[in-house]
Amino acid sequence: MRAEEKAVSRFLKSVKYALRGILYCINNERNMRFHTVATFFSIVMSPFFHLTRGEYALLFLTCGTVMAAEVFNTVSEKLCDAAMPGYSHGVRAVKDLAAGGVLIAAVFAFFVAWMLFARPAEIAAGWMWLVAHPWVLVILFVLAAAAVPYVLWGPPGIRDRIRRIRELGNAKR
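Keep in mind the model is a prediction, meaning the values are calculated, not measured.

A.B. asks: Looking at this structure, I do not really get the overall build of the chain. What am I missing?
C.D. replies: Counting its regular elements, the chain contains 6 helices and 0 strands. Relative to the globule expectation of 16 Å for 173 residues, the C-alpha radius of gyration of the chain, 21 Å, shows a markedly less compact shape. In terms of its C-alpha atoms, the chain occupies a principal-axis envelope of roughly 55 × 55 × 50 Å. In the structure as shown, the chain presents an accessible area of about 12,200 Å², 72% of it carried by carbon and sulfur atoms. Where the 20 positive side-chain charges of the chain centre and where its 11 negative ones centre are 8 Å apart.

A.B. asks: Help me out: how do you make sense of the packing of helix α2 (residues 30–45) against helix α3 (residues 53–83) in this one?
C.D. replies: Geometrically, a packed helix pair is captured by the angle between its two axes and the distance between the axes. Relative orientation of the contacting elements α2 and α3 amounts to 170°, with a least axis distance of 10 Å. Taken together, α2 and α3 sit at an angle that is classed as roughly antiparallel. In this structure, α2 uses Asn31, Met32, His35, Thr36, Thr39, Ser42 and Ile43 to contact α3, whose residues at the interface are Leu59, Phe60, Cys63, Val66, Met67, Glu70 and Val71. The residue makeup of the contact of α2 with α3, split by class, is 8 nonpolar, 5 polar and 1 charged.

A.B. asks: For this particular structure, what's the right way to read the nonpolar core?
C.D. replies: Generally speaking, soluble globular proteins have nonpolar side chains that are buried together. Judged by nonpolar contacts, Phe48, Phe49, Leu51, Leu59, Cys63, Val112, Leu116, Phe117, Leu130, Val136, Leu137 and Leu140 together constitute the single largest core of 12 residues. Looking at this core, the elements that each hand over two or more residues are α3, α4 (89–117) and α6 (134–172). Setting aside residues no more than four positions away along its own chain, Leu59 makes contact with Ser42, Ile43, Ser46, Leu51, Leu116 and Phe117.

A.B. asks: How should the side chain of Ser88 be read in this particular structure?
C.D. replies: Within the element layout of this structure, Ser88 appears in the loop between α3 and α4. In terms of polar contacts, Ser88 uses its side chain to reach the backbone amide nitrogen of Gly90, at 3.2 Å.

A.B. asks: What am I meant to see in the packing of aromatic side chains here?
C.D. replies: The way to describe two aromatic rings as a pair is by their centre distance and the angle between their planes. Within the structure shown, the criterion is met by 6 aromatic pairs. Centre to centre, the rings of Phe40 and Phe41 are 5.2 Å apart; their planes meet at 80°, and the pair counts as edge-to-face. Every member of this aromatic cluster is reached through a ring pair, and the members are Phe110, Phe111 and Trp114.

A.B. asks: Is there a simple way to explain helix α5 (residues 120–132) in this structure?
C.D. replies: In an α-helix, one full turn covers 3.6 residues, which means residues spaced three or four apart are oriented alike. Relative to the 18 Å expected for 13 residues at 1.5 Å per residue, α5 spans 18 Å between its end C-alpha atoms, a close match to the ideal helical length. Inspection of α5 places Glu122, Gly126 and Leu130 among the buried residues, and these make up the whole buried set. Relative to the axis of α5, the buried residues are bounded by an arc of 75° and lie together on one face. Along α5, the residues that are exposed and aim more than 90 degrees away from the buried face are Pro120, Ala121, Met128 and Ala132.

A.B. asks: What am I meant to see in a nonpolar patch on the surface here?
C.D. replies: Residues Leu103, Ile104, Val107, Phe108, Phe110, Phe111, Trp114 and Met115 make up a contiguous nonpolar surface patch of roughly 930 Å² in combined accessible area. In this fold, Leu103 is placed in helix α4.

A.B. asks: Looking at this structure, I do not really get the environment of Arg53. What am I missing?
C.D. replies: Examined against the element boundaries, Arg53 turns out to sit in helix α3. According to the relative accessible area criterion, Arg53 is exposed, its value standing at 77%.

A.B. asks: I would appreciate a short explanation of the pattern of salt bridges in the present structure.
C.D. replies: Side-chain pairing between opposite charges can occur once the charged atoms of the two side chains come close. Overall, the coordinates contain 7 salt bridges when judged by the stated rule. Among the ionic pairs, Glu4 bridges to Arg2, the shortest N-O distance being 3.5 Å. For Arg2, a relative accessible area of 54% gives the class exposed. For the salt bridge of Asp160 with Arg163, the shortest nitrogen-to-oxygen distance reads 3.6 Å. In this pair, Asp160 and Arg163 both sit in helix α6, 3 residues apart, roughly one turn of the helix. We classify Arg163 as partly exposed; its relative accessible area is 43%. In this structure, a network of salt bridges that share partners links the residues Glu55, Arg119 and Glu122.

What counts and how
Residues numbered from 1 in each chain as written. Predicted model: local features only at pLDDT ≥ 70, side-chain atom pairs only at ≥ 80, totals over all residues. Heavy atoms only, no water. Helix = DSSP H or I, 4+ residues; strand = E, 2+ residues; numbered from the N terminus. Rg over C-alpha atoms; globule rule 2.2 N^0.38 Å. Areas by Shrake-Rupley, 256 points an atom, 1.4 Å probe, with all protein chains shown as cover. Lys, Arg positive; Asp, Glu negative; His and termini not counted. Charge placed at Lys NZ, Arg CZ, Asp CG, Glu CD. Axes fitted to C-alpha atoms, helices over the stretch in contact; angles between N-to-C directions. Parallel < 35°, antiparallel > 145°, perpendicular 65-115°, else oblique. Contact = heavy atoms within 4.5 Å. Nonpolar A, V, L, I, M, F, W, Y, C, P; charged D, E, K, R; others polar. Core = buried A, V, L, I, M, F, W, Y, C linked by side-chain atoms within 4.5 Å. Buried < 20%, exposed > 50% of the residue type's maximum accessible area, 1.4 Å probe, protein only. Polar contact = N/O pair within 3.5 Å; in protein donor to acceptor, adjacent residues only side chain to side chain. Phe/Tyr/Trp six-rings, centres within 6.5 Å; stacked < 30°, edge-to-face > 60°. Expected span 1.5 Å × (residues − 1). Arc of directions from axis to C-beta. Patch = residues over 30% accessible without salt bridge, like charges linked within 9 Å, V, L, I, M, F, W, Y side chains within 5 Å. Salt bridge = Lys/Arg side-chain N within 4 Å of Asp/Glu carboxyl O.

Rendered as structure tokens:
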């Protein structure tokens, strides 16, 4: 294998490991699922607001910062739990600091969203467009409804609940 092929192979492995970490965070952290839903709907609804390239850059940077902060919060929690399984004031402080970092990022993300999306004329025009295209409105409501169990239980929790419902249905037969 040539040096270039090895470098590409190492890069692809590192991407695979990073994606595995992100999926771990999504599967195990409710707040990360909330952030992914907020990011999804912010991006889906953003065309109604005619954002500039700079505003889109700010939106993506803000969403990425919040989700990265959540990943680092999860890292600090896992490291603290591995280093000291019992209660410790120091561990509590580290976990609180990491959670505080996420809260800071999320609060500022809210204000960025407020500045980007608090445009009454564009909200009204977007609403009128959605009313004129009810199938899009239905899709948005279905996605919003699907987001609730996704945030509350996560993909593994949804899978396990569906499995239990099927088992109960089969047991009644």
